[in-house]
Amino acid sequence: MKLVIIDYGAGNIKSIQFAFKRLGVEAKLSNIPEEILAADKIIFPGVGEASNAMQKLKESGLDVLIPKLKQPVLGICLGMQLLCNHTEEGDTKGLGVFNTNIKRFSNKVKVPQIGWNTITNLKSMLFNGISDGEYMYLVHSYYAEICKETISVTNYNYNYSSALQKDNFYGVQFHPEKSSIVGEQVLKNFLEL
Amino acid sequence: MLTKRIIPCLDIKNGRTVKGINFVGLRDAGDPVELAKKYADEGADELVFLDISATLEGRNTTLEMVLKVAEQVNIPFTVGGGISSIDDVDRLLKFGADKISINSSAIKRPELINELSNKFGSQCIVVAIDAKQIEENWRVHLAGGSVATDLDLFDWAKEAEQRGAGEILFTSMNNDGTKEGFANDALAKLSEELNIQIIASGGAGSIQHFVDAFNIGKSDAALAASVFHFKEIAIQDLKKELKNNNIEVRL
């Protein structure tokens with residue numbers, strides 16, 4: 001199993017690498033197209049601000065490469081958001097894999113949302129062995145609107161997509177690498193796809 | 001629904017967990033990595049490590065410990081103590097910390113909050129505030145609580161939010177170490193005046209104190225050290241009792 005975590009300088013990828021290590025899988029960090037293309041599975045992480053992250057993807061040509069990948073790809077947090085059409089954060093055009101948009105939470109709730117929230121209406125192999133209503137750890141100010149690619153729903157002021165799937169592309173808003181044993185199950189499921 | 005968080009805090013000095021009363025009289029409370037793993041297994045929602053030697057003695061937080069925690073623990077953790085620059089934060093995040101907390105360095109140079117939140121995002125910037133109620137006023141204190149400033153708790157917390165703090169960790173120095181409950185009035189006022197999450201700290205002695213911190217203090221999270229380190233409250237028992245009080249928790 002060749003697992004690559006795309007390393008484009010956006011956020012805490014050490015934690016994701018360690019989470020796979022705890023599952024007995026060594027993940028390679030890379031921003032080299034040949035290495036990414038040769039992987040069996042790909043993690044597309046991201047923490048921080050969307051327009052900066054997109055800029056970094058463009059600088060390395062990864063904005064063109066990522067949407068064409070044929071292997072299972074898992075976008076995490078900002079990685080998932082960048083796979084969508086557009087995000088309000090920095091008015092940034094996304095990679096357009098998921099046909100939905102990213103909006104900012106309203107000030108009726110505390111922003112950012114930080115903490116453990118439930119995932120419901122689960123609809124993917126990614127959630128094998130995970131019951132509806134389990135808790136995942138989330139940290140974010142922007143959310144993906146519900147769409148036909150929604151495979152998990154979370155509520156914070158609104159119902160929003162806490163996970164998305166289209167073909168070989170998976171995206172999770174929560175941090176499986178920080179979500180205790182339930183999060184580890186998601187990572188295991190991804191490895192088994 | 002978003003849950004309330006229970007956060008064991010590990011004060012770190014020379015690589016060991018310590019706990020004192022009102023910031024003095026430190027007792028040894030064990031190996032931080034082992035404790036962190038144990039708390040994660042027992043259902044802690046998050047962990048905070050404060051390098052208390054760092055601010056007072058100008059030492060950097062132990063990166064080695066951060067790396068070990070990141071390797072072995074599957075819940076988020078925050079590291080604080082002696083952080084005063086973008087480089088300090090960059091290093092900690094690269095070693096696997098999820099969030100960092102700043103305290104004295106932000107009081108001395110408030111622009112630091114803007115710089116860090118612009119560079120790394122608000123979501124990983126916790127502003128910790130130690131304050132003491134003197135007559136009617138809550139006065140912010142520096143350097144592990146040893147130096148009083150002219151800042152008012154509520155003014156400073158609001159300024160921190162405007163500058164890009166993602167969370168406020170408020171420690172009441174009047175309550176810390178007393179085991180007589182959290183500073184619920186001040187917490188409720190913070191929660192009402194700010195639109196970011198408030199972590200209650202200082203004063204936990206019983207399960208009821210946590211119930212009050214959420215119901216009366218309107219806190220989003222509650223942090224404690226000695227009641228967990230010295231096994232006076234088990235995290236699972238605490239969370240079950242919170243659930244019985246209709247407080248949303250992860251069980």
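Every value quoted in this text rests on a predicted model; they were computed, and no experiment measured them. (Residues numbered from 1 in each chain as written. Chains lettered and ligands numbered in written order. Predicted model: local features only at pLDDT ≥ 70, side-chain atom pairs only at ≥ 80, totals over all residues. Heavy atoms only, no water.)

Quick look at the overall build of chain B now. On a plain count of helices and strands, chain B comes out with 11 helices and 12 strands. Seen along its three principal axes, the alpha-carbon backbone of chain B occupies a region of about 45 × 45 × 40 Å. Counting the 251 residues in chain B, one finds 59% classified as buried. On chain B, roughly 9,700 Å² of surface is accessible, and the fraction owed to carbon and sulfur atoms is 46%. Positive and negative side-chain charges in chain B, numbering 28 and 38 respectively, have mean positions lying 3 Å apart. (Helix = DSSP H or I, 4+ residues; strand = E, 2+ residues; numbered from the N terminus. Buried < 20%, exposed > 50% of the residue type's maximum accessible area, 1.4 Å probe, protein only. Areas by Shrake-Rupley, 256 points an atom, 1.4 Å probe, with all protein chains shown as cover. Lys, Arg positive; Asp, Glu negative; His and termini not counted. Charge placed at Lys NZ, Arg CZ, Asp CG, Glu CD.)

All names here are of chain B. Remark: helix H4 (residues 86-94) packs on helix H6 (residues 111-120), axes separated minimally by 10 Å, with the N-to-C direction vectors making an angle of 40°. By the angle between their directions, the pair H4 and H6 is classed as oblique. As for how H4 packs across H6, the hand of that crossing is right-handed. Residues Ile86, Val89, Asp90 and Leu93 of H4 form the contact with H6, whose own contacting residues are Glu115, Leu116, Lys119 and Phe120. The residue inventory of the contact of H4 with H6, partitioned by class, reads five nonpolar, no polar and three charged. (Axes fitted to C-alpha atoms, helices over the stretch in contact; angles between N-to-C directions. Parallel < 35°, antiparallel > 145°, perpendicular 65-115°, else oblique. Left-handed = near helix turned anticlockwise from the far one by under 90°. Contact = heavy atoms within 4.5 Å. Nonpolar A, V, L, I, M, F, W, Y, C, P; charged D, E, K, R; others polar.)

On to helix H1 (residues 14-22) of chain A. Along H1 of chain A, the residues that are buried comprise Ser15, Ile16, Gln17, Phe18, Ala19 and Phe20 of chain A. Elements in contact with the buried residues of H1 of chain A: strand S1 (3-6), strand S2 (27-30), strand S3 (41-44), strand S4 (73-76) and helix H6 (180-192) of chain A together with helix H3 (63-72) of chain B. Of the residues flanking the end of H1 of chain A, it is Gly24 of chain A, one or two places downstream, whose phi is positive at about 85°.

All names here are of chain B. Mapped onto the present numbering, the UniProt feature "active site" (unreviewed entry) falls on Asp11 and Asp130. These annotated residues cover 120 residues of sequence, but their C-alpha atoms sit close together, with the largest distance between any two at 14.5 Å. Here Asp11 shows up in strand S1 (residues 5-13). Excluding anything up to four places from it in sequence, Asp11 contacts Arg16, Thr17, Val18, Leu50 and Ile52. (UniProt positions renumbered as here; feature names shortened; annotations may be inferred.)

Turning next to the interface of chain A and chain B. Between chain A and chain B, the contact holds 29 residues from the first and 39 residues from the second. Overall, the association of chain A and chain B removes approximately 2,600 Å² of surface from exposure, summing both partners, and the carbon and sulfur fraction of that is 50%. Three residues stand out in chain A for area buried against chain B, namely Lys110, Ile114 and Trp116 of chain A, and they jointly supply 28% of the buried area on that side. Here chain A is connected to chain B by three salt bridges. One salt bridge in this structure joins Asp98 of chain B and Lys178 of chain A, with 2.9 Å as the shortest N-O distance. For the pair chain A and chain B, the interface holds 22 residue pairs in polar contact (both at pLDDT 80 or more). For the side of chain A that touches chain B, the element with the most residues is strand S8 (residues 113-119) of chain A, which contributes six residues. Along the lines of polarity and charge, the residues of the side of chain A that touches chain B split into 12 nonpolar, 10 polar and seven charged. (Buried area = accessible area lost by both parts, 1.4 Å probe. Salt bridge = Lys/Arg side-chain N within 4 Å of Asp/Glu carboxyl O. Polar contact = N/O pair within 3.5 Å; in protein donor to acceptor, adjacent residues only side chain to side chain.)

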